[in-house]
Each structure stands twice: as structure tokens, then as C-alpha cells.
Amino acid sequence: MGHFLDNTFTIISGPCSFEGQDQIREHLDCLETSKYLRAGIFKLRTNKDSFQGLRARGIEQMSALKVDHNFCLVSEVVSMQSLEALKDVVDIIQVGTRNMYNYELLKELSKQSKPVILKRGLSATIDEWVQAAQYINSDENQVILCERGIRSFESKYRNTLDLNAVSYLKQKTNYKVLVDPSHGTGNTFMIEDLSKASMAIGADGILVEAHFNPAQALSDAHQALTLPQLRGLIQNLNSLAPHFNKKVVF
Ligand code: PEP
Ligand code: MN
């Protein structure tokens, strides 16, 4: 099964953090035929007292879910140990913004064959980001870049989504490029606009956070779409896709 094929726009949705099996069942039920699910089992949090993910317990619960449901799991590795722990449950590995410069971890990822979504470092230049991707890239794996917003002087939104980078990378490199409008804006009310803009500028898809009950989410509650909002977003991107010669997969 190939991922991120030419002319497809891949929507990877799910909660910021995996919090339990019911949460994922609700998500999958809402999307019916969903193929891609994002869910953080290990979380890197700025505050040490914030929820750090279900970790070992999460792996057990997620493995059980995968027996009954057919989906492709995107989840973040935060360390060498978490890579080892996740290896039997994760289908597409995510490297978060805080680990883009963790070259020892990137080297380890080059030794395995699963696709790796490499998020842009918080203040990383395109050159630094592409060089980080080169650490991971091997003949056996695929690296997909993910623009997730950069630090700027603007404080109205969590980060400044750099869609310039998408245009640049699509024209100057062969990497597939995703956009994360959730961390890129931090505001649910901006996510649809930035998702449409991502499609228009040539991105290969989006990584977007949604939760069956955003008010109760254990991380990134303020930027989580509700499940009906997510369905609406997918429908609207689906309508837009033919104008850009794309087919939506989710
Ligand atoms: C996430 O996807 O939940 C996440 C932590 O993203 P980032 O590494 O871009 O902050
Ligand atoms: Mn998040």
C-alpha cells in the first residue's frame, strides 16, 4: 500500500494525544472509512507536569485497537527507547519539532523502513530542515516534510504557518510536503482556511488535530476540531480537490 502518491491530498487526522480506546473508536466511527489516524502515545511537553502520553499502556491499548480496526497509525517517536517501543504498532513515524535537531535519533531512523514525517524545527531554516531529512533518508524509507509553523513576532496565533516553505520545497526538492494547520495556527477557527490554502499551494496533505470532546482533551484542547468540524473540513477539501488536480484520501 503506497502512501503520499502523486496527485493525492492525504488528510491525517486524530487527537493530539491518545487518551483511550473510546476516543479512537469515536474518531473512526465519525470518519467511517478513515485510513490514516494520528495519535501521540509519547508526548513532549513544555511543562513537565503536563500529560506526557499513555506511553507503555497506550501501546498496549493501541495494539488491541488495531486488531479490530484497519487504520494506518501516525505517531511520534521522542527518543530511541520510544522508537523501539512503538515499532510494532506505528505505521508512519512522526518526528516532532523539538527533535528535528536530534541527529542521533535521525540516524537511527535511517536504519528502518517505515515512512517518517519530519516536522520543521521551531525556528529551523529550510536548509537545516532538509539536511535533517537527509540524515533519515535511505534507499528503504521515505521522508515526508511537515510544515507546522515557525516562531515569529506575531502573537495572535500560536505559530506563523510558513506556506512559502511549501511552495519552495515543492519546486526545489522532490520531498512530499504536508502541512499541520493545527500547530501552525493554534486556533480552530483558522484551520479550514489554512488547509485550503495548503492544497492550493501544492501541499501533499495535512496533519490535523481533532477530538471527540475538545474541552476534555489532555493536550492542545484549544486547537482541536470537533468531529463534525473535521467531517466538514474533509468534505470541503474533497470539493476543492479537482480544481487542483488532486484526490483526497483520509
Ligand atoms: C503534535 O503533532 O502533537 C506535536 C507535538 O507537534 P509539534 O512537534 O509540531 O509541536
Ligand atoms: Mn498537538
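These remarks concern the structure in this document.

## Description of the layout of surface pockets
Considering only enclosed or pocket space, the largest pocket measures out at about 310 Å³ in volume. Taken together, 20 residues form the lining of the largest pocket, with Leu44, Arg98, Arg158, His183 and Asp220 sitting closest to its centre. Residues of the lining of the largest pocket, tallied by class, amount to two nonpolar, eight polar and 10 charged. If you add up the space inside the second largest pocket, you get close to 190 Å³. Lining the second largest pocket, in full, are Met80, Leu83, Glu84, Lys87, Val90, Ile93, Glu108, Lys111, Gln112 and Lys114. If you tally residues by element for the lining of the second largest pocket, the top one is helix α3 (residues 80–86), at three residues. Considered class by class, the residues forming the lining of the second largest pocket number four nonpolar, one polar and five charged.

## Some thoughts on the environment of Leu83
One can find Leu83 in helix α3. Residues Leu83 and Ala224 lie 141 residues apart in sequence; the distance between their C-alpha atoms is 26 Å. If near-sequence neighbours (up to four positions away) are discounted, Leu83 is found in contact with Val77, Ile93, Glu108 and Leu109.

Calculation criteria
- Residues numbered from 1 in each chain as written.
- Chains lettered and ligands numbered in written order.
- Predicted model: local features only at pLDDT ≥ 70, side-chain atom pairs only at ≥ 80, totals over all residues.
- Heavy atoms only, no water.
- 1 Å grid on protein atoms, 1.4 Å probe; cavity = no way out; pocket = protein on both sides within 12 Å on 5 of 7 lines; lining within 4 Å.
- Points joined across faces, edges and corners; volume = space filled by probe spheres on them.
- Nonpolar A, V, L, I, M, F, W, Y, C, P; charged D, E, K, R; others polar.
- Helix = DSSP H or I, 4+ residues; strand = E, 2+ residues; numbered from the N terminus.
- Contact = heavy atoms within 4.5 Å.

Such coordinate-based values are descriptive only and should not be taken to indicate function.
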